[in-house]
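Chain and residue survey
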Amino acid sequence: MDNLILVTGGAGFIGSHTCVALSAAGYRPLILDNLNNSDVRVLERLAKITGRPPSFIKGDVRDRTLLDRIFREHNISGVMHFAGLKAVGDSVTDPILYYGNNVTGALVLAEAMQAAAVKTLIFSSSATVYGTPERSPIPESAPCRPANPYGRSKRMVEQMLADLQHSQPDWRISLLRYFNPVGAHQSGLIGEHPLGNPNNLMPLVSQVAVGVRDQLAVHGNDYPTHDGTGIRDYVHVMDLAEGHVAALRHAASGPGLVTLNLSTGQGASVLDVVKAFERASGQRIAYEVGPRRPGDVAAYWGDPSLAQVTLGWRARRGMDQMCADTWRWQQQNPQGYESDGAL
Ligand code: NAD
Ligand code: UFG
């Protein structure tokens, strides 16, 4: 069988949803995750959705001995590399932790793949590599000027993998730049459960809706946008997941390197998201306008046309579905995977 895909970080938010899409497309995911930012109970939920528990190995992607063993013992045809740390603020206070996890992790993985002659790799990059963009929609050709250690760690890995593919043209590498991933699987069984205090808009909005939090702090309403609040390109996590499957299929067509935005091409403001969530949940979202958040960009969204042409992929789910699916997950699992209501 050549359909076994190693999914590093597969217990996390985007990785777990991608495991669902992989299973639906006839691939078998093998998850490697150190559970540093995820809960092992996601595996039961995945089994419930797909009808079969995914294979799981608890371990660290920087553990070369473990990787060598995995590649030796399993007939892996490709790798999706989600494992990494993603909190921009933490990356500023502890850059070494971030470079160690994100850059060393990708380096050790690439070394082990090279040794095992597994040469298909899909890498989780981020729109954060663009830094403050000159214009929107942002094409992949826009300059990359990441503004923090997290973004620089993603850009370094992109460059390392591009150099690798240049030196060994038989590699098949996809660098996928996600915009703002939100939403949840429509079953409500898996979703995003940020550990600690979330910073991202959608988890905070849904926590207000479910009553875990009193109100949302809107970070500024004096931006040059239609309602003064910040605009982002929110993309449904199941669309992202399907984008990964499309990238895997594309890789099967031949060697090469592709760098692609996974985005919708449409921006939504903070208040657009609040209103959509109110419609989806029937709850009022209390908010208070506060000062701008340092480092925030007023507005940006991605140009998804290259992904559409290259992969035949486009985001199909709109903001109303992003909110409805987030709300179902949040309602059924107010404590994330600690809630047993959905099972
Ligand atoms: P997540 O934290 O939910 O998932 C990452 C998973 O990787 C977690 O399960 C964690 O336990 C695991 N992990 C971390 N370091 C590891 C290591 N050294 N070895 C093994 N496992 C490890 O995050 P996510 O939102 O699913 O993001 C997945 C990837 O996508 C990350 O690389 C992230 O940087 C990237 N990304 C995320 C966003 C976003 O807003 N969520 C945007 C752009 C890019
Ligand atoms: N916002 C609020 N109140 C909040 C949280 C967010 O008003 O409590 C606003 C922000 O100011 C911004 C928008 O909601 O206008 C989205 O903020 P997020 O924090 O959800 O997302 P960002 O676009 O700021 O950051 C995300 C990821 C980063 C990544 C970046 C670029 O969280 O990891 O996209 O890809 F670097």
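In this report, we go over the structure that sits alongside the text. All values derive from a computational prediction rather than experimental measurement. (Residues numbered from 1 in each chain as written. Chains lettered and ligands numbered in written order. Predicted model: local features only at pLDDT ≥ 70, side-chain atom pairs only at ≥ 80, totals over all residues. Heavy atoms only, no water.)

Description of the sheet that holds strand E4 (residues 76-81)
- One open sheet accounts for 7 strands, arranged E3-E2-E1-E4-E5-E6-E11; its pairing is parallel. Single-partner strands in this sheet number two, and they are strand E3 (55-58) and strand E11 (256-262). This sheet shows a mean twist of 15 degrees between the axes of neighbouring strands, independent of strand direction.
- The pairing of strand E1 (residues 4-8) with E4 spans 5 bridges and is parallel. (Pairing = 2+ DSSP bridges. Helix = DSSP H or I, 4+ residues; strand = E, 2+ residues; numbered from the N terminus. Axes fitted to C-alpha atoms, helices over the stretch in contact; angles between N-to-C directions.)

Some remarks on the pattern of salt bridges
- The tally for this structure, following the rule as stated, stands at 18 salt bridges.
- Across the pair Lys 86 and Glu 192 runs a salt bridge whose closest N-O atoms are separated by 3.7 Å. Taken as a pair, Lys 86 in the loop between E4 and helix H4 (88-93) and Glu 192 in the loop between strand E7 (180-182) and helix H7 (201-210) lie far apart in primary sequence, 106 residues in all.
- Glu 192 sits in the buried class, given a relative accessible area of 17%.
- Across the salt bridge formed by Glu 158 and Arg 177, the nearest N and O atoms sit 2.7 Å from each other. With Glu 158 in helix H6 (residues 149-167) and Arg 177 in strand E6 (residues 172-178), the pair connects residues that are 19 residues apart, well separated along the chain.
- Linked by salt bridges that have partners in common, Asp 239, Glu 242, Arg 316 and Arg 317 make up one network. (Salt bridge = Lys/Arg side-chain N within 4 Å of Asp/Glu carboxyl O. Buried < 20%, exposed > 50% of the residue type's maximum accessible area, 1.4 Å probe, protein only.)

Some thoughts on the pairing of E4
- With respect to burial, E4 is a largely interior element, 5 of its 6 residues being buried.
- With 3 bridges connecting them, E4 and strand E5 (residues 120-126) associate as parallel partners. Note that in E5 the partner of Met 80 across the bridge is Ile 122.

A short note on helix H11 (residues 319-332)
- Helix length check: H11 (14 residues) gives 20 Å between terminal C-alpha atoms against 20 Å at 1.5 Å per residue, within 8%.
- Those residues of H11 not exposed but buried are Met 319, Met 322, Cys 323, Asp 325, Thr 326, Trp 327, Trp 329 and Gln 330.
- Looking at the packing, one finds that the buried side of H11 touches helix H2 (42-50), E7, H7, strand E10 (234-236), strand E12 (268-269) and helix H9 (270-281). (Expected span 1.5 Å × (residues − 1). Contact = heavy atoms within 4.5 Å.)

Focus: the environment of Leu 248
- With respect to the helices and strands, Leu 248 occurs in helix H8 (residues 237-252).
- Between the alpha carbons of Leu 248 and Arg 172 there is a distance of 9.1 Å; along the sequence they are 76 residues apart.

Considering the site of ligand 2
- The full set close to ligand 2 counts 22 residues, and Asn 200, Leu 201, Ala 217, Arg 232 and Asp 296 are the nearest of them.
- Leu 201 places a main-chain nitrogen or oxygen 2.8 Å from an oxygen atom of ligand 2.
- In this structure, Ala 217 approaches ligand 2 through a main-chain N or O atom, which is 2.7 Å from a nitrogen atom.
- Calculation on ligand 2 without its partners gives an accessible area of 690 Å², and the protein chains cover 88% of this total.
- Counting only elements with at least two residues in the shell around ligand 2, the list comes to H7 and strand E8 (216-219).
- At 4 residues, the largest contribution of residues to the shell around ligand 2 is made by E8.
- For the shell around ligand 2, the residue count by class is 11 nonpolar, 7 polar and 4 charged. (Near = heavy atom within 4 Å. Polar contact = N/O pair within 3.5 Å; in protein donor to acceptor, adjacent residues only side chain to side chain. Areas by Shrake-Rupley, 256 points an atom, 1.4 Å probe, with all protein chains shown as cover. Nonpolar A, V, L, I, M, F, W, Y, C, P; charged D, E, K, R; others polar.)

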